[in-house]
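# Structure at a glance
Now for the letters of each chain:
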Amino acid sequence: MNINNMQKEQTSELEFLENLAFDLFKKEDFENSKLCYIRQIENDPENGKAFYNLGIVLHDLGQFHESLMCYGKAKELGYNSAKVNLTTGMHFLKQGDFEKGFDYIDLKSDGAWRLGKNFMFNNQRLSHIDLWEGQSLENKTIFVYSEQGFGDNIQFSRYLLELSKLGGKVVFSCYNALYDIFINSPTFSSIEIQKNNIQPSSDVDFKIPLMSVPRLLKSTFSEIPFSGGYLERTQFKDWGIPTDTINVAIAWEATKQDTRRTIPLDLVETICDCPNINFINIQKDSTHTIDGVRNLGDGIHNFSDTVDILSQVDLLVSTDTAMVHVAGALGVPVYLLLHYSADWRWFTGDMDYSPWYESVSIFRQKTSQNWTYPINQAKNNLQILLNQ
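Broken down by element type, the protein carries 15 helices and eleven strands. Relative to a compact globule of 388 residues, whose C-alpha radius of gyration would be 21 Å, the protein shows 23 Å and is just as compact. Based on the C-alpha atoms only, the size of the protein along its principal axes is roughly 80 × 60 × 35 Å. Going through the 388 residues of the protein one by one, you find that 52% of them count as buried. Counting only contacts in the protein whose residues sit at least 6 apart along the sequence, the fraction spanning at least 24 positions is 66%. If you average the places of the 34 positive and of the 49 negative side-chain charges in the protein, the two averages end up 4 Å apart.

Another point: the sheet that holds strand E5 (residues 206–209). The five strands lie next to each other as E1-E5-E2-E3-E4, forming an open sheet whose pairing is parallel. Edge positions in the open sheet fall to strand E1 (130–131) and strand E4 (192–195), since each of these has one partner strand only. Sheet analysis places E1 next to E5, joined by two bridges and oriented parallel. Residue pairing across strands places Asp130 opposite Phe206, the latter belonging to E5.

With that settled, consider the nonpolar core. Counting residues in hydrophobic clusters, the biggest one holds 68 residues, and the most contacted among them are Val144 and Ile282. With six residues, the top contributor of residues to this core is helix H14 (residues 322–330). Trp252, Tyr335, Phe363 and Leu382 belong to the second largest nonpolar core, which has 23 residues in total.

Summarising the element assignment, Gln383 is placed in helix H15 (residues 372–387). For Gln383 and Cys274, which are 109 residues apart along the polypeptide, the C-alpha to C-alpha distance reads 7.8 Å.

A few words on the packing of aromatic side chains. Remark: the centre distance and the inter-plane angle together describe each pair of aromatic rings, the angle taken between the planes. With the rule as written, the count across this model stands at 23 aromatic pairs. With a centroid separation of 6.0 Å and 40 degrees between ring planes, the pair formed by Tyr52 and Tyr71 is classed as tilted. Placement of Tyr52 in helix H3 (residues 48–60) and of Tyr71 in helix H4 (residues 64–76) is noted, with a sequence separation of 19 residues between them. Across the pair, exposure class does not vary: Tyr52 and Tyr71 are buried alike. Considering the side-chain rings of Phe156 and Trp356, the 5.8 Å spacing of their centres and the 45 degrees angle between planes classify their relative orientation as tilted.

The next subject is the confidence of the model for the protein. When pLDDT is averaged along the protein, the result is 92; 96% of the residues meet or exceed 70. Ignoring residues within four places in sequence, the model shows residues 1–8, a span with pLDDT below 50, making two contacts including any to other chains.

Let's shift gears to the pattern of salt bridges. In the structure shown here, the tally under the stated rule is 14 salt bridges. For Lys26, the salt bridge goes to Asp23, with nearest N and O atoms at 3.9 Å. Linking Lys26 with Asp23, this pair stays in helix H1 (residues 3–26), spanning three residues, or about one helical turn. Judged by relative accessible area, Lys26 falls into the exposed class, the value being 53%.

Time to look at the side chain of His339. Structurally, His339 can be placed in the loop between strand E10 (334–338) and strand E11 (360–364). A polar contact of 2.7 Å, which involves the side chain of His339, links it to the side chain of Glu28. At 2.8 Å, the side chain of His339 forms a polar contact with the backbone nitrogen of Ser341. With sequence-adjacent residues up to four places away left out, His339 is seen in contact with Glu28, Arg260, Gln365, Ser368 and Trp371.

Quick notes on the rules
Residues numbered from 1 in each chain as written. Predicted model: local features only at pLDDT ≥ 70, side-chain atom pairs only at ≥ 80, totals over all residues. Heavy atoms only, no water. Helix = DSSP H or I, 4+ residues; strand = E, 2+ residues; numbered from the N terminus. Rg over C-alpha atoms; globule rule 2.2 N^0.38 Å. Buried < 20%, exposed > 50% of the residue type's maximum accessible area, 1.4 Å probe, protein only. Contact = heavy atoms within 4.5 Å. Lys, Arg positive; Asp, Glu negative; His and termini not counted. Charge placed at Lys NZ, Arg CZ, Asp CG, Glu CD. Pairing = 2+ DSSP bridges. Core = buried A, V, L, I, M, F, W, Y, C linked by side-chain atoms within 4.5 Å. Phe/Tyr/Trp six-rings, centres within 6.5 Å; stacked < 30°, edge-to-face > 60°. pLDDT = per-residue confidence, 0-100. Salt bridge = Lys/Arg side-chain N within 4 Å of Asp/Glu carboxyl O. Polar contact = N/O pair within 3.5 Å; in protein donor to acceptor, adjacent residues only side chain to side chain.

Shown next as structure tokens:
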């Protein structure tokens, strides 16, 4: 066999291993995906991308030290440093190291952290305003603008209140869909809330995207502010929710059918079998309903409706959705059902509480794709609630 044929065979095997590893990863067969990437690295030890991908899989397996070593090796071999820095930042955030985490994702990921069109839109229209980098805000005006998802903005809006303590005027340009819930909350009375299509006034001194604020405020895991809640409960509409029973709102699907944040309907139905509880379906835009459970999801037209409903129930049971952030910010009790390897903001698998929201209890998968354990935990806790 000549050298060219040998090289072709080796390349073919490496491509096969990479494709197989990725397919296994998508199926959440993390152990076998890991083995494929290890084999790929054995055959091609200078492959930075393979080390990076192995790091991702190890992260999902909860092997955080080994994962971080792989990210370092990938970077050493010259693989996309911005992407590596982003995942390295996520690693530190998941460990509760805010200083390193926000530093990596905000300063070293070359924009990879900046998701969505809203950041680019504001970056262009505000190009004439200086970026805030920690300068004194005494007698200054700072313009904070939304970015990323609705849940992110509800979660991080608490830092606006900390920012307002620095002696300046804080203007928050929020997503239009969130405007009413902020403007109707007295907690934010010291903040000037604007819709995000309003051009900032000429007296603005600094700009900053919302997700950068905790880094500049040197926020820490142990001192997350306003964990008891900061949105105002409302009762603007009569949703027909009875007052003489326990009312539990339920949601089970994330946006765009994210499989890590979506629970099969047949398992959700087992929760709703719990007797003597009035379950309320608040899943928005779902094609599914639950027999015997009242559906209010179709009547939710905005976040004000979501706030209104959650203000009138005793508990929310949900996967990782924006509704969890709404309920937590209202101080409404939540049973949060989480994937085996959940988003960084819910930290590591040994935590059954959220430092972001005192009212949130966390029930996690013990093995990937198995929702039975967290659902049984939720059902057991519902029974305890009934017996109180």
